[in-house]
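Chains, contacts and geometry: an overview
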Amino acid sequence: MASRYVTCRVLNRRGNQCTGEAVDPNAELKICSRHLAEAQRLIHEAYSRTVDNARGTHPS
C-alpha cells in the first residue's frame, strides 16, 4: 500500500499553506520539520524566560 503525502498545515501571512511534508501524517498537529523546529525554539525561549524570571536573573 502506498503511503499518502500529507502537507504541513501552517499558513503564512498571506494565507498560503506551507508545502512541506508533515512530520507525522497521523498526528493531530500536522507540521513539517521546519515549523516543528521553529515551535521547539520558541518553546525553549519561553521556558528559559520563565526559569530566569523565577531565579530573578532575567534582565527586564
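For the structure, see preceding data.
The notes below deal with the structure included here. All residue numbers here refer to positions counted from 1 along the written sequence of the relevant chain. In keeping with the predicted nature of the model, local features appear solely for residues at pLDDT of at least 70, side-chain atom pairs appear and are counted solely at 80 or more, and the whole-chain, interface and lining totals rest on all residues. Water and hydrogen atoms were dropped before computing side-chain values, which therefore reflect all heavy atoms in the structure.

A short note on helix H1 (residues 33-55)
Helix and strand definitions follow DSSP, with helices as H or I runs of at least four residues and strands as E runs of at least two, each counted in order from the N terminus. To estimate the expected span of a helix, subtract one from its residue number and multiply by 1.5 Å. The end-to-end C-alpha separation of H1 is 33 Å, in line with the 33 Å expected for 23 residues at 1.5 Å each. A positive backbone phi angle near 80° is found at Gly56, which sits one or two residues after H1.

A few points about the pattern of salt bridges
A side chain of one charge can pair with a side chain of the opposite charge if their charged atoms are brought near each other. When a carboxyl oxygen of Asp or Glu is within 4 Å of a side-chain nitrogen of Lys or Arg, the pair counts as a salt bridge. Scanning all chains against the criterion turns up one salt bridge. Two residues, Glu45 and Arg41, come together in a salt bridge whose shortest N-O distance is 2.9 Å. With a gap of four residues between them, Glu45 and Arg41 both fall in helix H1, about one helical turn apart. For the exposure calls, accessible area comes from a 1.4 Å probe over protein chains only, and a residue counts as buried if that area is under 20% of its type's maximum, exposed if over 50%, partly exposed in between. By relative accessible area, Glu45 is classed as partly exposed at 33%.

Considerations on the state of the cysteines
Note on disulfides: each one is a pair of cysteine sulfur atoms within 2.5 Å. Taken as a whole and assessed by the stated rule, the structure comprises zero disulfides. Here Cys8 is not disulfide-linked; the sulfur of Cys32 is the nearest cysteine sulfur, at 3.8 Å.

Remember, this is a structural readout, not a statement about activity or role.
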